[in-house]
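Analysis of the macromolecular model
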Amino acid sequence: FLTSCSAGKTFWISWGVLVLCWFPAWLAYYPAICSYDIPAQMGQVLTGEYNTHHPLAHTLLLQFFYSVGKGIGNVNLGIGFYALMQLLVLAASMAGIIAIMAKWKAKRLQIILLTLYCALLPVNAYMSITTTKDVLFTVFVVWFFTGIYIYINQEDKIKLSLRIPYFLSIVGVILFRNNGKYALAVTWGVLGIVLVWALVK
């Protein structure tokens, strides 16, 4: 089934499964789940008085979709578009990991079980339509650690098509979480220690 296809086909199949399983949650909670930080951020959007207590990049992204909805006469629809975009992107990040596993010859059962786990775990569907910064931050974290794994295990020369997403993941981790830079510093520090240890050993 999945692993009998190329990595590209595996990506699209798993992405489709994730989207189909999460889409009912989007319909049920339309336009989105707006919890904890969102009222404060939407206050910034409505007043135009911005601050960096919450990630400014995320607040501006909310403003963009709010403006789209306002422009077509339905603010809820704009926020609904944001939640749907988020759902599609989160599903793509998880499908990307599944495709990489298929490319590196993971067992068929592993691929199927991981796809079903990601698709059916209720928290994933809930997270995909929650309009907080944490969701896109999670996407960038997934890209970041996947990039590290590829860099460590890839025997061939790393292609530009892989370097660009890795660079964007670093930017995203910093922009979509105020303490993201500290997480990056700790991660790189640990990797540096491991590298030095490996060279000395």
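Preceding this paragraph is the structure being described.
Read on for an overview of the structure.

How each quantity is defined
Throughout, residues of each chain are indexed from 1 in the direction in which the sequence is written. Under the rules for a predicted model, residues below a pLDDT of 70 receive no local features and side-chain atom pairs below 80 are neither given nor counted, while totals for whole chains, interfaces and linings still include all residues. Heavy atoms from the whole structure form the basis of all side-chain values; hydrogens and water molecules are not counted. For helices the rule is a DSSP run of H or I covering at least 4 residues; for strands it is a run of E covering at least 2, with both sets numbered from the N terminus onward. Multiplying one less than the number of residues by 1.5 Å gives the expected span of a helix. Only protein chains enter the accessibility calculation, which uses a 1.4 Å probe; a residue whose area is less than 20% of its type maximum is buried, one above 50% is exposed, and one in between is partly exposed. Throughout, the arc means that of the directions going from the helix axis to the C-beta atoms. In this description, the term disulfide denotes a pair of cysteine sulfurs within 2.5 Å. Each aromatic pair joins two rings of Phe, Tyr and Trp (for Trp, the six-membered one) with centres within 6.5 Å, and gets the label stacked for planes under 30 degrees apart, edge-to-face for over 60, and tilted for any other angle. Here an angle of 0 to 180 degrees is reported between the N-to-C directions of two axes, which are lines fitted to C-alpha atoms, with helices fitted over the stretch in contact. Orientation is classified from the angle alone, with under 35 degrees giving roughly parallel, over 145 giving roughly antiparallel, 65 to 115 giving roughly perpendicular, and any other angle giving oblique. In this scheme the crossing of two helices becomes right-handed for a clockwise turn of the near helix relative to the far one and left-handed for an anticlockwise turn of less than a right angle. Contacts are residue-level and defined by heavy atoms, with any inter-residue pair within 4.5 Å sufficient. Each residue receives one of three labels: charged for Asp, Glu, Lys and Arg, nonpolar for Ala, Val, Leu, Ile, Met, Phe, Trp, Tyr, Cys and Pro, and polar for the others, Gly being one of them. Here a patch means residues that are over 30% exposed by relative accessible area and free of salt bridges, tied together within 9 Å if like-charged and within 5 Å if nonpolar (Val, Leu, Ile, Met, Phe, Trp, Tyr). With residues, only the protein chains shown are counted as cover, and all accessible areas are computed by Shrake-Rupley using a 1.4 Å probe. The working definition used for a salt bridge is a side-chain nitrogen of Lys or Arg within 4 Å of a carboxyl oxygen of Asp or Glu. For this analysis, a polar contact is any N or O atom pair within 3.5 Å, provided that within protein one partner can donate a hydrogen and the other can accept it, and provided that sequence-adjacent residues contribute only side-chain to side-chain pairs.

Details of helix H9 (residues 180–200)
Over its 21 residues, H9 extends 30 Å from the first C-alpha to the last, a length consistent with the 30 Å expected when each residue adds 1.5 Å. Those residues of H9 lying buried are Gly180, Leu184 and Thr187. Viewed end-on, H9 has its buried residues packed into an arc of 70°, placing them on one side of the element. Exposed side of H9, more than 90 degrees from the buried face: Tyr182, Val186, Ile193, Val196, Trp197 and Val200 are the residues found there.

Digging into the state of the cysteines
Inspection of the entire model under this criterion finds zero disulfides. Sulfur of cysteine 118: no disulfide; nearest cysteine sulfur belongs to cysteine 21 and is 11 Å away.

Some words on the packing of aromatic side chains
Applying the stated criterion across every chain yields a total of 11 aromatic pairs. Their ring planes at 10° and their centres at 5.6 Å tell us that phenylalanine 144 and tyrosine 166 sit as a pair that is stacked. Of this pair, phenylalanine 144 sits in helix H7 (residues 133–153) while tyrosine 166 sits in helix H8 (residues 160–175), placing them 22 residues apart in sequence. By the burial criterion, phenylalanine 144 is buried, and tyrosine 166 matches it. Taken together, the ring pairs in this structure connect Phe144, Phe145, Tyr166 and Trp188 into an aromatic cluster.

Regarding the packing of helix H4 (residues 75–103) against H7
At a minimum axis distance of 10 Å, the contact between H4 and H7 shows a crossing angle of 20°. The orientation of H4 relative to H7 falls into the category roughly parallel. The handedness of the crossing between H4 and H7 is left-handed. Of the residues in H7, those in contact with Tyr82, Gln86, Val89, Leu90, Ser93, Ile97 and Ile100 of H4 are Val135, Leu136, Val139, Val142, Trp143, Thr146 and Ile150. Tallied by class, residues from the contact of H4 with H7 come to 11 nonpolar, three polar and no charged.

Focus: a nonpolar patch on the surface
Nonpolar side chains collect at one region of the surface, where Trp143, Ile164, Phe167, Leu168, Val171, Ile174 and Leu175 lie side by side and expose about 600 Å² of accessible area between them. Top contributing element to the nonpolar patch by residue count: H8, with six residues. Position of valine 171 relative to the elements: it lies in helix H8.

Some remarks on the side chain of glutamine 86
Examined against the element boundaries, glutamine 86 turns out to sit in helix H4. At 2.7 Å, the side chain of glutamine 86 and the backbone oxygen of threonine 130 are in polar contact. Residues within four places of glutamine 86 in sequence aside, it is in contact with Met127, Ser128, Ile129, Thr130, Thr131, Thr132, Val135 and Leu136.

What about the packing of H7 against H9?
Contact geometry for H7 and H9: axes closest at 13 Å, N-to-C directions at 15°. Classified by the angle between their axes, H7 and H9 sit roughly parallel to one another. Relative to H9, the crossing made by H7 is right-handed. On H9, the residues that touch Phe137, Phe144, Phe145 and Ile148 of H7 are Gly180, Leu184, Thr187, Trp188 and Leu191. A class-by-class count of the residues in the contact of H7 with H9 yields seven nonpolar, two polar and no charged.

In short, shape yes, function no, at least from these values alone.
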